[in-house]
Each structure stands twice: as structure tokens, then as C-alpha cells.
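Reading the structure
So the chains spell out like this:
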Amino acid sequence: MAEEASSAAAAAPAAAEGKMTMVVGVDESEHSFYALQWALQHFFAPGQAQQYRLVVVTAKPSAASAVGLAGPGAADVLPFVEADLKRSALRVIEKAKELCTQVSDAEFEALEGDARNVLCDAVERHHAEMLVVGSHGYGAIKRCLLPSSALLCSVPPPPPPPPKLHLQFSNLQ
């Protein structure tokens, strides 16, 4: 994929600047994008000095794991499933990019694999000090072992919107 793992050369300037690294896991869920928005509001506010380098990561399951190879003709479907999963991952990354316009030092990765493994690998590969995930979807990462210096920040879901009131008037005679 075009958005896959960043090169080591991209990480070198951040290390030179002395910035810490924050990995944010996103998927298609509202909860993960709420967590990304929370991180942006609290750590990347416009006009505020940015002390973190942001790495946004999404995991794309393999086509074989999504389809399974048990049924007849399943192998014929794999290319179509792979293309659909790739489009879905790229949509998630594009939505994340739209939200991260104020971040001066951001990387975006769409990697194939189990979400928990992809996020743990991203934390290790980028030597991240913080991992931000939503409470649903990537919430399973809580069971992952993080480096002792890393902080796991699991953002709770946003409060539900207040109920809408529907008033109905009728002409009583």
C-alpha cells in the first residue's frame, strides 16, 4: 500500500528535534475518531508548540482472514476482498488526514495484520511514549505489553447526544 510503514529517514528529523512520539490507532468506528480528535485537542492545539510527533495507524485484515478459505470458490473472491479492504483502509487514512491538518509532524500508516499486533509493532517501531485508542474497536490493545515508558491513553466514548424532543401540535376543535 502507498501509505504503508514510514521510512527510518522520516523518523530521524523528529528525533533531532527532541519530540516525543504519539501513536493513535484508528479504524472505521466513531470511537476511534473521537480518540483522534481528543488527542488533537489536547496535544496539538493550534498555536501551541507541538511536543509530539503524531503517527496515525490503521490495521487492514488480510483478505484470507476476512474470507477464510473453507468454501468452494473462496480463492476466486480474494482479489475483490483485498481491493475492498484496501479501499476501506485508505478511506480511514484520508479521514484521519483531514482531521490532522494542524499537525506539522504527522505520519499515516495502513498496515496489514491483526489490530493489536499492528499497534504494538507501531509503538515499538516508532519508540512511542503514548498510544491513544478509542474504547471500542482497538480497545483490545489494553492487553498488549507496552514499553515501560509508554503511556496508554484509552479515551472513553463521547457522551450520547441529548434526546431530541418531537412536539406535535394538532388543531383541536
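Attention in this report is confined to the structure presented alongside it. Being a predicted model, the structure only gives us computed values, none of them experimental. (Residues numbered from 1 in each chain as written. Predicted model: local features only at pLDDT ≥ 70, side-chain atom pairs only at ≥ 80, totals over all residues. Heavy atoms only, no water.)

What to know about the overall build of the protein
Put simply, the rule is: Runs of H or I in DSSP of at least four residues are treated as helices and runs of E of at least two as strands, each being numbered from the N terminus. Categorising residues by exposure relies on relative accessible area from a 1.4 Å probe, with only protein chains included: less than 20% of the type maximum marks a residue as buried, more than 50% marks it as exposed, and the intermediate range marks it as partly exposed. We call two residues contacting when some pair of their heavy atoms lies within 4.5 Å. Using a 1.4 Å probe, accessible areas were evaluated by the Shrake-Rupley method; residue-level cover was limited to the displayed protein chains.
Within the protein, the regular secondary structure consists of five helices and five strands. In the protein, the order of α-helices and β-strands from amino to carboxyl end is α-β-α-β-α-α-β-α-β-β. Sorting the 173 residues of the protein into buried and exposed places 38% on the buried side. Considering only contacts in the protein between residues 6 or more positions apart, those separated by 24 or more positions represent 68%. Surface summary for the protein: the accessible area is close to 10,200 Å², and the carbon and sulfur share equals 57%.

Side note on the nonpolar core
So the rule is basically this: Remark: nonpolar core denotes a set of buried residues (Ala, Val, Leu, Ile, Met, Phe, Trp, Tyr, Cys) joined through side-chain atoms within 4.5 Å.
Membership of the largest hydrophobic core comes to 23 residues, with the highest contact counts inside it found for Met 22, Val 24, Leu 36, Phe 44, Leu 54, Val 56 and Cys 100. At the level of elements, strand S1 (20-25), helix H2 (30-43), strand S2 (52-60), helix H4 (74-99), strand S3 (106-112) and strand S4 (130-134) are the ones that each hand at least two residues to this core. Top contributing element to this core by residue count: H2, with six residues. Discounting chain neighbours no more than four positions away, the residues touching Val 56 are Val 24, Val 26, Leu 36, Ile 93, Ala 96, Cys 100, Glu 107, Phe 108 and Glu 109.

A short note on the side chain of Asp 27
Quick note on the threshold: When charges are tallied, Lys and Arg are placed among the positive residues and Asp and Glu among the negative ones, while His and the ends of the chain are skipped. Any Lys or Arg side-chain nitrogen located within 4 Å of an Asp or Glu carboxyl oxygen qualifies as a salt bridge. Counting of polar contacts relies on pairs of N or O atoms within 3.5 Å, with two restrictions inside protein: one atom must be capable of donating a hydrogen and the other of accepting it, and residues adjacent in sequence are counted only when both atoms are side-chain atoms.
With respect to the helices and strands, Asp 27 occurs in the loop between S1 and H2. No salt bridge is formed by the buried Asp 27, whose closest oppositely charged neighbour, Lys 95, lies at an N-O distance of 9.0 Å. Polar contacts involving the side chain of Asp 27 include one to the side chain of Ser 29, which spans 2.6 Å. A polar atom in the side chain of Asp 27 sits 2.9 Å from the side chain of Ser 32.

Some thoughts on the pattern of salt bridges
Scanning the model with the defined rule gives seven salt bridges in all. Note that Lys 19 is salt-bridged to Asp 105, the shortest N-O span being 3.9 Å. Note that Lys 19 is positioned in the loop between helix H1 (8-17) and S1 and Asp 105 in the loop between H4 and S3, a separation of 86 residues in sequence. Across this residue pair, the class does not change: Lys 19 and Asp 105 are buried.

Structural notes on the environment of Met 130
Checked against the element boundaries, Met 130 lands in strand S4. You can call Met 130 buried: its relative accessible area is 4%. A sequence separation of 109 residues divides Met 130 from Thr 21, and the C-alpha atoms of the two residues are 6.7 Å apart.

Focus on the environment of Pro 61
Its location among the elements puts Pro 61 in the loop between S2 and helix H3 (63-67). With 21 residues separating them along the chain, Pro 61 and Glu 82 place their C-alpha atoms 8.9 Å apart. Dropping the residues within four chain positions of it, Pro 61 is found in contact with Leu 85, Glu 112 and Gly 113.

Considering the pairing of S4
Regular strands place their side chains on alternate faces of the sheet. Rules: Any two strands with at least two DSSP-identified bridges between them are counted as paired.
For S4, a buried count of five out of five residues is recorded, marking the element as mostly surrounded by other parts of the structure. Across the two faces of S4 the burial is the same, with Met 130, Val 132 and Gly 134 and Leu 131 and Val 133 all buried. Relative to S4, S1 is paired through three bridges, and the arrangement is parallel. When the bridges of S4 are listed, Val 23 appears paired with Leu 131.

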